[in-house]
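# Survey of secondary and tertiary structure
Below are the chains, spelled out letter by letter.
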Amino acid sequence: MKVATWNVNSVRIRLEQVTQWLQDNPIDVLCLQETKVVNENFPRSSFTDLGYHTYVFGQKSYNGVALVSRSPLSDVSMGFGAILPEATVGDLDEQKRVITGVVDGIRIVNLYVPNGSAIDSDKYIYKLGWLKVLREYLQVLLQQSNSLLMCGDFNIALEDIDIHDPKNRATQVMATDVEREALQNVLSLGLADVFRKFTPEGGNFSWWDYRTGAFRRNAGWRIDHHYTTPDLYERSLSCTIDTTPRKLVQPSDHAPVIIEF
DNA sequence: ATGGCGAGAGGATCTCGA
C-alpha cells in the first residue's frame, strides 16, 4: 500500500497535475493540504472518475484538507472537535486542518499544521497552541489503534539537515527550537520519522520557495512528513519525495512525499 | 534590508503562505 502527502496549494488550480500524477503513480491514499475550496466546490468527480473516494474538510480561500482513497475509508472524521471536548478545542476547528480515516487497519491522520508567519506573532502562538492540542488528539486515537500514520505539511523542519541553509534558523519560523520541541513533544507519544529510516543524509527537501529560483538551486526545506507508530515503521518499505511535479509549469511549491508498506 | 512568487477574492490591490 502507498500513501502520499501533498500540499497542492489550491486543488482547483492544480487539478490537472494532481490527477495526472495519480494516473502515473499507483497511490492508494492521497492526503491533500491547502485545497483552498469549500466542500461543495471540491472537484470530486475528477477523482471519482479515476476510481477514488473523496473525503473533504474545506474552507474558502485558506487551508482545507482532503483524503482521496482507492478503497472506502472507515471512521472518517474532521477536525479536533470530533475526538476532543469543545473546551479543549476552542475555535481551532474554524481553520480546516485535520482529517482522518482508517484503511486496512491503519489510522491515517492528514494534517496541515499552521505556518506561524513570524516568531512571536499571534500566528506563531496559535501554531504552538495547535500542536499542544494535536498531542491530546493523537493520545486519544492511539488508545484506539496501534497502527497510526500521521502525515501532512508540518511547517517544521525537525533537524538542521532538513534545511538547505540552517545558519539563521534560530530566528526563522519553521525552524526554531520552540517549534521543534513542540513537534518532538507530539512525537514522544511513540511516532517516528519514516523518511529518516531510509535516508540519513541531508539535501532532500519537500518545499522550495517560489521566489529567487529556490527550486533550481535546491534551496529547500523538508517540512512534509510521514510519522508512524513502531509497527508501521518496521513494515515500511520506502519513503520518498517525488520532485517531478515541482518541475512542471505552474507547480505547487511542495512536492508529494510517498510512503510504502 | 527588502522583496522576490503565487493563489484567492473581487474587480485594484489587498491578505496569506513559507
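Note that this is a predicted model, so its numbers are computed, not measured.

## Some thoughts on the pattern of salt bridges
- Applying the stated rule across the entire model yields 11 salt bridges.
- Close ionic contact of D160 with R169 constitutes a salt bridge, the shortest N to O distance being 3.1 Å.
- Classification of D160 as partly exposed rests on a relative accessible area of 35%.
- Here R169 falls in the buried class, since its relative accessible area comes to 16%.
- Each member of the salt-bridge network shares a partner with another, and the members are E159, D162, D193, R196 and R222.

## Describing the pairing of strand β1 (residues 2-7)
- Of all six residues in β1, five are buried, a share of seventy percent or more.
- Across four bridges, β1 lies against strand β14 (residues 257-260) in antiparallel orientation. Its bridge partner being in β14, K2 is matched across the sheet by E260.
- One ladder, built from five bridges, connects β1 with strand β2 (residues 29-33); its direction is parallel. Paired with N7 across the two strands is Q33, which belongs to β2.
- Since β1 and β2 lie parallel, the crossover through helix α1 (residues 15-24) that links them has a hand, and here it is right-handed.

## Some words on the protein's contact with DNA strand B
- In the neighbourhood of DNA strand B, 24 residues make up the surrounding shell, with S10, E34, N115, W207 and R211 lying closest.
- Looking at DNA strand B alone, sugar and phosphate atoms form 66% of those within 4 Å of the protein.
- Within the side chain of W207, an N or O atom sits 3.3 Å from a sugar or linking oxygen of DNA strand B.

## Considerations on the packing of aromatic side chains
- The tally for this structure, following the rule as stated, stands at six aromatic pairs.
- With 4.9 Å between their ring centres and 85° between their planes, W208 and F215 make a pair best called edge-to-face.
- On the accessibility criterion, W208 (1% relative accessible area) is buried.
- Its end group placed over the ring of Y233, K197 keeps NZ or CZ at 5.4 Å from the ring centre.

## A short note on the side chain of H225
- With respect to the element layout, H225 can be found in strand β12 (residues 224-228).
- Classification of H225 as buried rests on a relative accessible area of 1%.
- In terms of polar contacts, H225 uses its side chain to reach the side chain of R222, at 3.4 Å.

## Digging into the environment of Y233
- Mapped onto the elements, Y233 comes out in helix α7 (residues 230-235).
- On a C-alpha basis, the gap between Y233 and K197 in space is 8.2 Å, while along the polypeptide they are 36 residues apart.

What counts as what
Residues numbered from 1 in each chain as written. Chains lettered and ligands numbered in written order. Predicted model: local features only at pLDDT ≥ 70, side-chain atom pairs only at ≥ 80, totals over all residues. Heavy atoms only, no water. Salt bridge = Lys/Arg side-chain N within 4 Å of Asp/Glu carboxyl O. Buried < 20%, exposed > 50% of the residue type's maximum accessible area, 1.4 Å probe, protein only. Helix = DSSP H or I, 4+ residues; strand = E, 2+ residues; numbered from the N terminus. Pairing = 2+ DSSP bridges. Right-handed = clockwise from strand over helix to strand, strands pointing away. Near = heavy atom within 4 Å. Polar contact = N/O pair within 3.5 Å; in protein donor to acceptor, adjacent residues only side chain to side chain. Phe/Tyr/Trp six-rings, centres within 6.5 Å; stacked < 30°, edge-to-face > 60°. Lys NZ or Arg CZ within 6 Å of the ring centre and 35° of its normal.

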